[in-house]
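Summary of the model geometry
Single-letter residue listing:
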Amino acid sequence: MAKMVPYDGNTAVAHVAHATNEVIAIYPITPSSVMGEVADEKSARGEKNIWGSVPTVVEMQSEGGASGAVHGSLTTGALTTTFTASQGLLLMIPNMYKIAGELIPTVFHVSARALAAQGLSIFGDHSDVMSVRQTGFALFASCSVQEAMDFALISQAATLESRVPFMHFFDGFRTSHEIQKISELTFEDMQKMIEQDFVLAHRKRGLNPVNPVLRGTAQNPDVYFQGRETVNKFYDACPEIVQKQMDKFAKITGRQYKLFDYVGAKDAEHVVIIMGSGAEVAEETALALNSTGEKLGVLKVRLYRPFSVAHFAKALPATVKKITVLDRTKEPGSLGEPLYEDVRTALGEAMSLGLIKLSGYPVIVGGRYGLGSKEFTPAMMKGVFDDLKKATPKNHFTIGIDDDVSGTSLAFDPNFSIECETCYRALFYGLGSDGTVGANKNTIKIISDNTPNFTQGYFVYDSKKAGTITVSHLRFGKKEIRSPYLVTKANFIGCHKFTFLEKYDMLKNAEDGAVFLLTSPYSKDEVWDKLPVEVQKQIIGKKIKFYVIDAIKIAESLGLGERINTIMQTAFFSISKVIDEKIALDAIKTAIKKTYGRKGDDVVKMNQAAVDQAIAGLQLVSVPATATSKTKMPDVVSASAPAFVKNTTAKIIRQDGDNVKVSEMPIDGTWPTATTQYEKRNIAENIPVWNADTCIQCNQCSLVCPHAAIRPKVYDPKLLDKAPPTFKSKDAIGKEFAGMKYSLQVAPEDCTGCGTCVYNCPRKDKEAIKMVAQEPLRHSEAANYEFFLNLPDPDFKLLKRTTL
C-alpha cells in the first residue's frame, strides 16, 4: 500500500523532478523557490535519481540564464528541468520557443503566479502561464498537492514519448505551499512510468561530435513557413499520448485522470469549466448542491495545450445548455480570457464536426476569479452557478470583488458554507518569524504520523513577511480533505500576540462552543477586563471556552526570547485533544531534537523545557455572563489620516482588504507616500528606553534602526513648556547647539523590539539605552512621540553632514 505522507505542492513536485532528471538549473523566485531548494538539498545529501546518479543542481544568475542552461543541457541529451514563476517564466520565453521548435522533451514546473502590472503581486493566478501558451509548450494543470506530484511524473513520461516540451503548472501558494497528506510516489512507480527506450532516443538526439549535425540555422522566407508546419503531427499526437500515460499511471497507482475530467450530474444542463485549484472548489460545491437536488456539472481542464477538441467534446454532457468558463487571469482588451475563448472555439468546431450532439448551441459566458491569490470559496462558486441559471447570465463577470466602477461583479451570499463538519478546523494568528508557521507544519506531521487522519495546512503571509501577521489554517479529519480555501468556521483559534485583539476580528471565524487560546501577559483573573468589549461579547455569545498562557514570560525565562512556537503548539495539543496528549508531547519533543539538534544540546533542552512549562502555564478563564470591559477596539488609523488612508489603507491594515471596492483603488498603481505612519503595528514586547543622564548623543541608535522608530532632535528649550510630563531632554552637546536641548525619542507602536539600537550603543555598560517592557510605557511614550514629531527640525545650516 502506498505510503501516506504530508507534502506541500512544491516539495511534492521536487520529489519527482529530482528523481527523474539529471540536470536541474534553478534561480529562486517566489513561490517556486522551494522546488529548487528541495532539489538542491537532495543533491547535497547525495540522494540519487531513479537511474542511480546524483542530479547536478546549478543556480544561475537569472531565470533567463536558467532556461539557457536547460536548453544547452537538453541539447547534449541530458534529462533536464527547471522551476519558475511569474516574470521569471517570461524571461524564459526565448529559450522556450527554441526548445519547442527543436522538439526537445523537458518539463518546466511552474507555481503559477500573478504578473506585475499596476502593482507587484507575489501571489498566485494564471497570468504567467497564459502568457507563454503560444511558445509550443504543452500546458498541463494540476489542481491539488496530490495531483502536483502525480502530474509531475505523468508529464515527464509524456514529454519523452511525444517530444513536445511540457509546462506543468499549479497554483502559486494555494497549491505550492498547501500541505496535504498524500499518497507518495515511489521510485518503483517512477521507473515503471519512464520508458527507457524514450530516454535512450532523447540521448541519441543529443549533439555529439562523433555524429555531428547542425542546429540553430537561419531560414529565409522560402523555407521558414514549411519548417514551422513540420511539428504538426507531434502536437496532433500529444493528447492521446498524455491520456495513454494517464491510463498507465492509473494501473500503477489506482488514480485515474483524463485530459478533461467531468464531475457532477450526468444530465447536467449547467456546467462550469475551470482549471487549477479552483476546480477543487467547483467540484466540492457542485456535489454539495447536487445532494440537495440540483443538477450541476464541472469540467476540469487538465491538458490545456495542445487543446483536444475531441476529448473535450467527449467529456461534456450532451444535456448541457449553459456553460460558464472561469479564468484565473485577465487579458485587457481581449474578447475574453484564454480558456473562455478556447472553449467557445472548441465547442463550435466540435458541433460542426459532429463530435457532440446538442439540442442547440449552448449559452457560454466567461468570468474572472482569484487573481493574485484572491480567495475563491464555495460561496462564490454558488454565486456563479446561481447566475448561470438565470435567463440571461452575465458575461465577462468577476466574482469575489466589489466592482462598483464597471459593474462586472456577481452577487453571492458570503454566509454559504460547506465546511466539513466532521473535520477539526483550527486557526492560528501569529507574528512573522515567531515560529508559529513552523510549529503548525510540525503539528500536521505529528497528526499525519500518529493517526490515520487526513491533514491540510495553508498559511497566509503578508508580503512584508517578518514582523507581520501570519494566519495558519489547519484541517484534520477521517475523510480526504479537498477544500482549497480558508477556514471560516473554526473549532479552535489561537492568538499568539495579545495586541492583535485590538486590530483583528479573529473570533468572527469561531464556531459556537469553540476554544480560544490567547498568549497574554495577564493571568486568568486579570485578563477579562483587558479585552476589548467586542471580544468579550463574542466569547459570551458564542459560548467560547477561553484559555490564556503567558508564553512570552515562559520563553524569556528559558532563554528563547520571543520564540513561543513550541509553547503554543504544546498548549494546542493539550487543550484540543485531537490526539492522545502523551503521544503528542512525545512527538513534539522528538521533533524538537530533529529541528534544533544541530544548534546544540542547550537549545534542545530549552525547547523541551518549554513543553513541560507550557502545560503548567495553561489557565482556563472563568467567563462572566456579561461584557464588562471599558476598552473598545480603537480605530485602525487616526482621525487625522487622509481620506485614502481611511477608505483603503485602513481596510488593508485590519485584514479587511477583500472588501476594498474597485473605486477605492488607484487606477494606475500610483500610491500616496508617507502612509506607513498610520499603521501602528504595536508588535514589540520590549522597547528601548533612553537614559538622558548617560547618553553621549552619538545618534548611532537612530542610524541603525531599520524602521526609523527612534529619532533625535535638537530644539529651543522654550518648546518644552508644553511637553508631556514624561518627556525627557538634556542639554545638547556641541558649540553649534549651545543653549539648545536634545531628545532621543522612541515610537513605541512602530518599534519592532529588535534591540539593534541597544546592541550598537557604543557605551560598554549599555546604560544609555536599554530594552524595557513596552506595555506599561505604550501610551505615555506614544504621547511623547507625538509631541516630539511636532518639534521643529533644526536649522540644517547648523548640522555637520560628515557626522551623525
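Note: the structure precedes this text.
Right, let's walk through the structure included here. (Residues numbered from 1 in each chain as written. Predicted model: local features only at pLDDT ≥ 70, side-chain atom pairs only at ≥ 80, totals over all residues. Heavy atoms only, no water.)

**Section: the sheet that holds strand β19 (residues 490-495)**
Taken together, nine strands build an open sheet; the order of strands is β1-β8-β17-β18-β16-β19-β20-β21-β22 and the sheet is mixed. Since the sheet does not close on itself, it has two edges, and those belong to β1 (4-8) and β22 (619-620), each with one partner. Direction of pairing for β1 relative to strand β8 (residues 179-183): antiparallel, over a ladder of five bridges. Its bridge partner lying in β8, Met4 is registered against Ser183. On top of the sheet, helix α16 (residues 436-450) reaches β1, β8, β16 (424-431), β17 (454-460) and β18 (469-477); it is set at about 5 degrees to β18, its chief contact. (Pairing = 2+ DSSP bridges. Helix = DSSP H or I, 4+ residues; strand = E, 2+ residues; numbered from the N terminus. Contact = heavy atoms within 4.5 Å. Axes fitted to C-alpha atoms, helices over the stretch in contact; angles between N-to-C directions.)

**A word on the nonpolar core**
Membership of the largest hydrophobic core comes to 96 residues, with the highest contact counts inside it found for Phe166, Met167, Val242, Ile273, Phe312, Leu316 and Leu339. Examining the composition of this core, we find that ten residues originate from one element, helix α7 (residues 145-162), more than from any other. Apart from the residues lying within four places of it in its own chain, the contact partners of Phe166 are Thr106, Val107, Phe108, Phe137, Ala138, Phe140, Ser155, Ala158, Thr159, Cys238, Val242 and Leu303. Within the second largest apolar cluster, 42 residues are counted, among which are Val437, Leu474, Ile549 and Ala610. (Core = buried A, V, L, I, M, F, W, Y, C linked by side-chain atoms within 4.5 Å. Buried < 20%, exposed > 50% of the residue type's maximum accessible area, 1.4 Å probe, protein only.)

**Remarks on the packing of aromatic side chains**
Using the criterion set out here, one finds 24 aromatic pairs in the structure. Ring geometry for Tyr424 against Phe476: centres 6.5 Å apart, planes inclined by 15 degrees, an arrangement best described as stacked. Pair noted here: Tyr424 is in strand β16 and Phe476 is in strand β18, with a separation of 52 residues, a long-range link. Residue Tyr424 shares its accessibility class with Phe476, and that shared class is buried. Members of the aromatic cluster, each reached through a chain of ring pairs, are Tyr424, Phe428, Phe476, Phe492, Phe572 and Phe573. Of note, Lys713 hangs over the ring of Phe788, and the distance from its end group to the ring centre comes to 5.0 Å. (Phe/Tyr/Trp six-rings, centres within 6.5 Å; stacked < 30°, edge-to-face > 60°. Lys NZ or Arg CZ within 6 Å of the ring centre and 35° of its normal.)

**Looking at a negative patch on the surface**
A contiguous patch of negative charge, built from Glu37, Asp40, Glu41 and Glu59, is present on the exposed surface. The element that contributes the greatest number of residues to the negative patch is helix α2 (residues 33-44), accounting for three residues. Along the chain, Asp40 falls in helix α2. Note on Asp40: relative accessible area 37%, which makes it partly exposed. (Patch = residues over 30% accessible without salt bridge, like charges linked within 9 Å, V, L, I, M, F, W, Y side chains within 5 Å. Areas by Shrake-Rupley, 256 points an atom, 1.4 Å probe, with all protein chains shown as cover. Salt bridge = Lys/Arg side-chain N within 4 Å of Asp/Glu carboxyl O. Lys, Arg positive; Asp, Glu negative; His and termini not counted. Charge placed at Lys NZ, Arg CZ, Asp CG, Glu CD.)

**Brief notes about the environment of Gly734**
One can find Gly734 in the loop between β25 (730-731) and β26 (741-746). The exposure class assigned to Gly734 is partly exposed, which follows from its relative accessible area of 31%. For the pair Gly734 and Gln697, spaced 37 residues apart in sequence, the C-alpha separation works out to 9.9 Å.

**Some words on the state of the cysteines**
Applying the stated criterion to the full structure yields one disulfide. Between the sulfur atoms of Cys420 and its disulfide partner Cys423 the distance amounts to 2.4 Å. The disulfide joining Cys420 to Cys423 has a torsion of about 80 degrees about its S-S bond and is therefore right-handed. The buried category is assigned to Cys423, whose relative accessible area is 6%. Take Cys705: it sits in no disulfide, and the sulfur closest to it among the cysteines is that of Cys754, at 6.2 Å. (Disulfide = S-S within 2.5 Å.)

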